[in-house]
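# Structural overview for review
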Amino acid sequence: MMKLRLNTSVEIKDSLQDVPLPSLVRIPIQNKHKPIVKKKQIVGRGQVIAETSSKSAFGLGFAHASIDGVIEEVLPDAIVIGPIPAPKEGETAQVPVRPEPCTELDGLSGEDLCRKLLELGIDTDRFHAARTLIINGLNPEPGVLVSEQLVKDAQETLKAGLKILERGIKPGTVKLVVASGKQISLHGCTTVHSSDVYPATIDPLVVCAATGAERPDNVDVISISDLYRVGLVAESKLPLMDAVVSVGNKVYRVPTGMRVQDLLDVAGVPYGPDWMIAFDGPMRGQAIFDLSVGIPENCSAITLVKEGLYPKVQPNPCINCGECVLVCPARIQPGMLSRYAEFNLFENTRSQHVAACLECGMCTFVCPANRPVMQFLQLAKRHLAAQDEFVSTCRLQD
Ligand code: SF4
Ligand code: SF4
């Protein structure tokens, strides 16, 4: 078997980089979002542009304008905000109204606080009252530097995030997991050292390293980036309007929805038509084919790979070599499962524990046949989830 060592930890030299506010953003929204703005409406930076209908404290955060501007498009997957046109002769210039800081944030706790954070743009679906809160301080994938950069440069914001989370979910213990050998700490957390060799950096394996148990009860895990986003809101008392993304060997704080091409231009990163570009890292990232898409708030990196550097992944036949089984941290059989999914035998993937797949991408990475192994498993999981939802909806209507 090929010897792999995918270390994620690096020495961070540069500081967190800010970028100039772009004149146009394309803010991604999801199916559950309901846009509350109309084309040609003037919006101020921080104004709510899409809500969710749920009244729960835990779920998808509202979407907010990250620049002052005019709504140019309301699309099913994005809201485009562009520059406000100059007023015509005799007309008064329209002034965008920005929201006031949310002063009530300091007086809230428990579910009321989580609900307010959700309204201010924080995804709270991972926040539950838990005995133990684990903060994953490891860089998520090789080449993605966000976690270590934030620990180095944003201690005050992280502290503010932790303080507010402690009021929201009231954990008994908070553990910060960092790479072995790194002297990193965060006020109020017990530091736990763990391997930084991918896939040990993904959440389920970090929980296992911090608690000694697989899928323990009453444990929540969030990333340093999640904590930073909460900290930004806690410090400013304003909605979340920024994402933190790694590009090359630098990390940028950018307004949500900044177009990928604009960030690559600011970063001065070379790219061309023969480059593959993805949101997030090289192991689990999603390829993007349109550089005018906006950067989502939870994106951790823009990964660029020149064509020819990696073999093309395609549905070649499985040669049953077993390499994927050897690297799979979930201890399932990715090759067999991928073949079931390939031939629409989705129920077989269910009984063979496809749900245990951690979507780490190691099976695709080592496959000598260059099969999209993880992607077949993702297909099976999505198919089974859609089928289960359909069945439960039918039962509700009976
Ligand atoms: S992505 Fe592949 S290697 Fe990773 S857990 Fe799933 S099946 Fe195993
Ligand atoms: S999916 Fe790829 S790595 Fe797994 S057994 Fe088949 S050929 Fe080998």
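For the protein, the helix and strand inventory stands at 11 helices and 17 strands. Taken over C-alpha atoms, the radius of gyration comes to 22 Å for the protein, in line with the 21 Å a tight globule of 398 residues would show. Looking at the protein residue by residue over its 398 residues, the buried ones come to 48%. For the protein, long-range pairs separated by at least 24 residues make up 70% of all intrachain contacts whose partners lie at least 6 apart in sequence. If you sum the accessible surface of the protein, you get close to 19,900 Å²; carbon and sulfur atoms cover 52% of it. Computed over 40 positive and 45 negative side-chain charges, the inter-centroid distance for the protein is 3 Å.

Now for the sheet that holds strand 15 (residues 275-279). Paired through their backbone hydrogen bonds, the strands of a sheet run either parallel or antiparallel. Reading across the sheet, the six strands line up as 1-14-13-17-15-16 and stay open at both edges, with mixed pairing between neighbours. Sheet topology places strand 1 (17-18) and strand 16 (286-288) at the edges, where each strand pairs with a single neighbour.

For the rest of this paragraph, the subject is the site of ligand 2. Within the structure, ligand 2 sits among 13 residues, and Cys318, Cys321, Gly322, Cys324 and Cys367 are positioned closest to it. Counted by class, the shell around ligand 2 contains eight nonpolar, three polar and two charged residues.

Another aspect to go through is the nonpolar core. By size, the foremost hydrophobic cluster in this structure holds 42 residues, and its most contacted members are Leu105, Leu117, Ile135, Leu162, Leu176, Leu186 and Leu227. When contributions to this core are tallied by element, the ones reaching two or more residues are helix 1 (110-119), strand 9 (132-136), helix 2 (146-153), helix 3 (155-169), strand 10 (173-179) and helix 5 (224-236). Contacts of Leu105, omitting those with residues within four sequence positions, involve Leu113, Lys116, Leu117, Leu120, Ile164, Arg167, Val233, Ala234 and Lys237. Within the second largest apolar cluster, 27 residues are counted, among which are Ile202, Ile332, Phe346 and Leu358.

Here we take up the site of ligand 1. Near ligand 1 lie 14 residues; those nearest to it are Cys328, Cys357, Leu358, Cys360 and Cys363. Of the residues contributing to the shell around ligand 1, the split by class is 12 nonpolar, one polar and one charged.

This brings us to the pattern of salt bridges. The full count for this structure, using the stated rule, is 21 salt bridges. The closest approach of N and O atoms between Arg382 and Glu359, which form a salt bridge, is 3.4 Å. Remark: Glu359 occurs in the loop between helix 9 (346-351) and helix 10 (362-366) and Arg382 occurs in helix 11 (residues 373-397); sequence separation between them is 23 residues. Three or more residues joined by partner-sharing salt bridges are found here, namely Glu104, Arg115, Lys116 and Glu119.

In spatial order, the strands read 2-8-7-4; together these four strands make up an open sheet with antiparallel pairing. Either end of the sheet is taken by a strand with one partner, and the two such strands are strand 2 (25-28) and strand 4 (42-43). One ladder, built from four bridges, connects strand 2 with strand 8 (residues 78-82); its direction is antiparallel. Each bridged residue has a counterpart across the sheet, and for Val25 the counterpart in strand 8 is Ile81.

Residue Pro199 follows Tyr198 across a cis peptide bond; omega there is 15°. Within the secondary structure, Pro199 sits in the loop between strand 11 (190-194) and helix 4 (203-211). Positive phi, normally seen in glycine, also occurs at Asn218, with a value near 60°. Within the secondary structure, Asn218 sits in the loop between helix 4 and strand 12 (219-223). A relative accessible area of 36% places Asn218 in the partly exposed class. Of note, Arg331 is a non-glycine position whose phi angle comes to about 55°, a positive value. Turning to its location among the elements, Arg331 is positioned in the loop between helix 7 (323-327) and helix 8 (334-342).

To continue, consider the domain arrangement of the protein. As far as domains go, the protein holds domain 1 (18-102), domain 2 (121-236) and domain 3 (323-397). Just the C-alpha atoms count here: the centres of domain 2 and domain 3 sit 28 Å apart. Counting residues at the interface gives seven residues for domain 2 and seven residues for domain 3. Together, the buried faces of domain 2 and domain 3 total about 540 Å²; carbon and sulfur atoms form 64% of this surface. The interface formed by domain 2 and domain 3 holds one salt bridge in total. Tallied by class, the residues present in the side of domain 2 that touches domain 3 amount to five nonpolar, no polar and two charged.

Definitions and limits used
- Residues numbered from 1 in each chain as written.
- Chains lettered and ligands numbered in written order.
- Predicted model: local features only at pLDDT ≥ 70, side-chain atom pairs only at ≥ 80, totals over all residues.
- Heavy atoms only, no water.
- Helix = DSSP H or I, 4+ residues; strand = E, 2+ residues; numbered from the N terminus.
- Rg over C-alpha atoms; globule rule 2.2 N^0.38 Å.
- Buried < 20%, exposed > 50% of the residue type's maximum accessible area, 1.4 Å probe, protein only.
- Contact = heavy atoms within 4.5 Å.
- Areas by Shrake-Rupley, 256 points an atom, 1.4 Å probe, with all protein chains shown as cover.
- Lys, Arg positive; Asp, Glu negative; His and termini not counted.
- Charge placed at Lys NZ, Arg CZ, Asp CG, Glu CD.
- Pairing = 2+ DSSP bridges.
- Near = heavy atom within 4 Å.
- Nonpolar A, V, L, I, M, F, W, Y, C, P; charged D, E, K, R; others polar.
- Core = buried A, V, L, I, M, F, W, Y, C linked by side-chain atoms within 4.5 Å.
- Salt bridge = Lys/Arg side-chain N within 4 Å of Asp/Glu carboxyl O.
- Domains from an automatic or database assignment.
- Buried area = accessible area lost by both parts, 1.4 Å probe.

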